[in-house]
Amino acid sequence: MTTVASAPPIDIGIPEAERHRIAEGLSALLADSYTLYLMTHNFHWNVTGPQFNSLHAMFMGQYTEQWNAIDVIAERIRALGFPSPGTYAEFARLTSIREPEGVPDANEMVRQLVVAQEATARTARNLFPVVNAARDQPTADMLTQRINVHEKTAWMLRSLLEA
């Protein structure tokens, strides 16, 4: 009779309790990132007005970047040994971003995206103390990259609103 070998326990130098705390923080980041992705894609589809061409193209670049990021975040959670959230219900429970109601005008779309980009940057930044204490360099590197993207995108969007 052939037996199937079970996977060995995770031994990457980060204790399970710390990996769990990191995975919880990354789950919140994943929820914010997915909500931001969905919001940006929604605005891409529904933007109207004189800024249509530029905003439609800008939003596409932003939601494409977000789409790629959510996979990286989810896979890091899995590498730490925990399941990634992956349903709308889980994302709604975990996100710090308030979803838009209805279809706002173009300037309000931009304003809401600034707020959502900054919220996502804060979620990533708030995880740093846990990640640093665990000496989890791969997650720290990913967080640094995500914060950079969200802060730069918020600045670019905010610039559109200045008179």
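The structure under discussion appears in the preceding block.
Residues numbered from 1 in each chain as written. Predicted model: local features only at pLDDT ≥ 70, side-chain atom pairs only at ≥ 80, totals over all residues. Heavy atoms only, no water.

1. Some words on the overall build of the protein chain
Part 1 of the reasoning: Check the secondary structure of the protein chain and you find six helices and zero strands.
Part 2 of the reasoning: Helices and strands in the protein chain line up, N terminus first, as α-α-α-α-α-α.
Part 3 of the reasoning: By its C-alpha atoms, the protein chain is 70 × 40 × 25 Å across when sized along the principal axes.
Part 4 of the reasoning: Sequence separation of 24 or more characterises 79% of the internal contacts of the protein chain that already satisfy a separation of 6 or more.
Part 5 of the reasoning: Summing over all exposed atoms, the protein chain offers an accessible surface of approximately 9,400 Å²; the carbon and sulfur share of this is 56%.
Part 6 of the reasoning: If you average the places of the 13 positive and of the 18 negative side-chain charges in the protein chain, the two averages end up 3 Å apart. (Helix = DSSP H or I, 4+ residues; strand = E, 2+ residues; numbered from the N terminus. Contact = heavy atoms within 4.5 Å. Areas by Shrake-Rupley, 256 points an atom, 1.4 Å probe, with all protein chains shown as cover. Lys, Arg positive; Asp, Glu negative; His and termini not counted. Charge placed at Lys NZ, Arg CZ, Asp CG, Glu CD.)

2. Focus on the layout of surface pockets
Part 1 of the reasoning: Considered as a void within the structure, the largest pocket measures approximately 230 Å³ in volume.
Part 2 of the reasoning: In terms of residue count, the dominant contributor to the lining of the largest pocket is helix H4 (residues 106–126) (six residues).
Part 3 of the reasoning: Broken down by class, the residue content of the lining of the largest pocket amounts to six nonpolar, two polar and five charged.
Part 4 of the reasoning: What the second largest pocket holds in volume is close to 160 Å³.
Part 5 of the reasoning: For the second largest pocket, the full set of lining residues is His-20, Ala-23, Glu-24, Ser-27, Ile-77, Phe-82, Pro-83, Ser-84, Pro-85, Glu-90, Arg-93 and Leu-94.
Part 6 of the reasoning: Those elements that provide at least two residues to the lining of the second largest pocket are helix H1 (16–46) and helix H3 (88–94).
Part 7 of the reasoning: Top element by residues in the lining of the second largest pocket is H1. It accounts for four residues.
Part 8 of the reasoning: Taken together, the residues that form the lining of the second largest pocket break down as six nonpolar, three polar and three charged. (1 Å grid on protein atoms, 1.4 Å probe; cavity = no way out; pocket = protein on both sides within 12 Å on 5 of 7 lines; lining within 4 Å. Points joined across faces, edges and corners; volume = space filled by probe spheres on them. Nonpolar A, V, L, I, M, F, W, Y, C, P; charged D, E, K, R; others polar.)

3. Considerations on the packing of helix H2 (residues 52–79) against H4
Angle between the axes and distance between the axes are the two parameters that describe a pair of packed helices.
Part 1 of the reasoning: One way to put it is that H2 packs onto H4 with a least axis distance of 12 Å and a crossing angle of 25°. In terms of orientation, H2 and H4 fall into the roughly parallel class. You can see that H2 and H4 cross each other, and the crossing is left-handed. Packed against H2, whose contacting residues are Leu-55, Phe-59 and Gln-62, the element H4 presents Ala-106, Met-109, Val-110 and Leu-113 at the interface.
Part 2 of the reasoning: Here the contact of H2 with H4 is composed, by residue class, of six nonpolar, one polar and no charged. (Axes fitted to C-alpha atoms, helices over the stretch in contact; angles between N-to-C directions. Parallel < 35°, antiparallel > 145°, perpendicular 65-115°, else oblique. Left-handed = near helix turned anticlockwise from the far one by under 90°.)

4. Points about the packing of H1 against H4
Part 1 of the reasoning: Direction vectors running N to C along H1 and H4 enclose 165°, while the axes themselves pass 9 Å from each other. By the angle between their axes, H1 is roughly antiparallel relative to H4. Between H1 and H4 the crossing geometry is left-handed. For the pair formed by H1 and H4, the contact residues are Ala-28, Leu-29, Asp-32, Ser-33, Leu-36, Met-39, Thr-40, Phe-43 and Asn-46 on the first element and Met-109, Gln-112, Leu-113, Ala-116, Gln-117, Ala-119, Thr-120, Thr-123 and Ala-124 on the second.
Part 2 of the reasoning: Looking at the contact of H1 with H4 residue by residue, the classes come out as 10 nonpolar, seven polar and one charged.

5. Regarding the pattern of salt bridges
Once the charged atoms of two side chains with opposite charge are near each other, the side chains can pair.
Part 1 of the reasoning: This structure, assessed with the given rule, holds six salt bridges.
Part 2 of the reasoning: For Glu-108, the salt bridge goes to Arg-111, with nearest N and O atoms at 2.7 Å. Here Glu-108 and its partner Arg-111 are both found in helix H4, three residues apart, which amounts to about one turn of the helix.
Part 3 of the reasoning: The shortest N-O distance in the salt bridge between Arg-158 and Glu-118 comes to 1.9 Å. Of this pair, Arg-158 sits in helix H6 (residues 137–161) while Glu-118 sits in helix H4, and the two are 40 residues apart along the sequence. (Salt bridge = Lys/Arg side-chain N within 4 Å of Asp/Glu carboxyl O.)

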